[in-house]
Amino acid sequence: MPSHRLDPIDRKILSELQADGRMTNVELAKRVGISAPPCLRRVRALEEQGFIRGYHAEVNPRELGFEVQVFAMVGLQSQAESDLSAFEERCNEWSLVRECHMLNGEVDFILKCVAPDLSTFQTFLTSELLTTPNVASVKTSLVIRGAKDEPGVPFDVLEERLAQMA
């Protein structure tokens, strides 16, 4: 289990920052029960070790005019590593594609796409995605509403697992 390198204070720092990445170092230190200077050193070490990949604002897509969210299930003709990588690289070039995950099963990839309207998504689908080399099939599902969108990991589950191993 990769978290064996982390002590309880490091895990608490990660949990607190995952919940609120904008809090000050002083507030973070208070919440995890240490003084500010060692807290800052720990945060920097967690960043350097790759446990913290970045800090982001959670923007409201609808407030910015992005009314359409679609999941696209993509099947490829070839699953050779070079073809999989080429498709992933292409996905990184498309701004409407916000997430791209390779799957095991009936489809090769699932893409999470956002667009200001259905017409914009349809244009992307027909002129970009469907015409991409090696794409054999695309099935789309329009999101009606989201019930949960929680980034990160469940630290309570991590702590339970670590307690069972102790």
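Residues numbered from 1 in each chain as written. Predicted model: local features only at pLDDT ≥ 70, side-chain atom pairs only at ≥ 80, totals over all residues. Heavy atoms only, no water.

- The chain has the name Transcriptional regulator, AsnC family in an unreviewed UniProt entry, where Thalassococcus halodurans is given as its organism.

Quick notes on the layout of surface pockets
So, step 1. Within this model, the largest pocket holds a volume of roughly 2,400 Å³.
So, step 2. For the lining of the largest pocket, the elements supplying multiple residues, two or more each, are helix H1 (8–19), strand E1 (68–76), strand E2 (97–102), strand E3 (109–115) and helix H6 (155–165).
So, step 3. Per-element accounting of the lining of the largest pocket gives the leading share, five residues, to H1.
So, step 4. Its residues assigned to classes, the lining of the largest pocket shows 25 nonpolar, eleven polar and 14 charged. (1 Å grid on protein atoms, 1.4 Å probe; cavity = no way out; pocket = protein on both sides within 12 Å on 5 of 7 lines; lining within 4 Å. Points joined across faces, edges and corners; volume = space filled by probe spheres on them. Helix = DSSP H or I, 4+ residues; strand = E, 2+ residues; numbered from the N terminus. Nonpolar A, V, L, I, M, F, W, Y, C, P; charged D, E, K, R; others polar.)

Some thoughts on the sheet that holds E2
So, step 1. Taken in spatial order, the four strands line up as E2-E3-E1-E4 in an open sheet, and their pairing is antiparallel. Either end of the sheet is taken by a strand with one partner, and the two such strands are E2 and strand E4 (135–142). When the angles between neighbouring strand axes are averaged without regard to direction, this sheet yields 20°.
So, step 2. As paired strands, E2 and E3 are joined by five bridges and run antiparallel to one another. Paired with histidine 101 across the bridge in E3 is isoleucine 110.
So, step 3. Lying over the sheet, helix H4 (residues 81–93) contacts E1, E2, E3 and E4, oriented at roughly 10° with respect to E3.
So, step 4. The strands that helix H5 (residues 118–129) touches are E1, E2, E3 and E4; relative to E4, the one it contacts most, it runs at about 170°. (Pairing = 2+ DSSP bridges. Axes fitted to C-alpha atoms, helices over the stretch in contact; angles between N-to-C directions. Contact = heavy atoms within 4.5 Å.)

Remarks on the domain arrangement of the chain
When the parts of a complex come together, some accessible area is lost, and that lost area is often taken as the interface size.
So, step 1. Along its sequence, the chain is organised into domain 1 (1–58) and domain 2 (62–142).
So, step 2. One C-alpha centre belongs to domain 1, the other to domain 2; they are set 34 Å apart. (Domains from an automatic or database assignment.)

Let's talk about the nonpolar core
So, step 1. Of all hydrophobic cores here, the largest spans 21 residues; its most connected members are Val74, Phe87, Leu111, Phe124 and Leu129.
So, step 2. Secondary-structure elements contributing two or more residues to this core are E1, H4, E3, H5 and E4.
So, step 3. For this core, the leading source of residues is E1, giving five residues.
So, step 4. The contacts of phenylalanine 87, once residues within four sequence positions are left out, are Val74, Leu76, Trp94, Phe109, Leu111, Leu129, Thr132 and Val135.
So, step 5. Counting 16 residues, the second-largest nonpolar core is a separate cluster that includes Leu17, Val32, Cys39 and Phe155. (Core = buried A, V, L, I, M, F, W, Y, C linked by side-chain atoms within 4.5 Å. Buried < 20%, exposed > 50% of the residue type's maximum accessible area, 1.4 Å probe, protein only.)

Considerations on H1
So, step 1. Taking 1.5 Å per residue as the helical rise, H1 with its twelve residues ought to reach 16 Å, and the 17 Å between its terminal C-alpha atoms agrees with that figure.
So, step 2. When H1 is considered as a whole, its buried residues turn out to be Asp10, Arg11, Ile13, Leu14, Glu16 and Leu17.
So, step 3. Where H1 is buried, its residues meet helix H2 (25–32), helix H3 (36–48) and H6.
So, step 4. Among the residues of H1, the N-terminal cap falls to aspartate 7, whose side-chain oxygen and the backbone nitrogen of isoleucine 9 are separated by 3.1 Å. (Expected span 1.5 Å × (residues − 1). Polar contact = N/O pair within 3.5 Å; in protein donor to acceptor, adjacent residues only side chain to side chain.)

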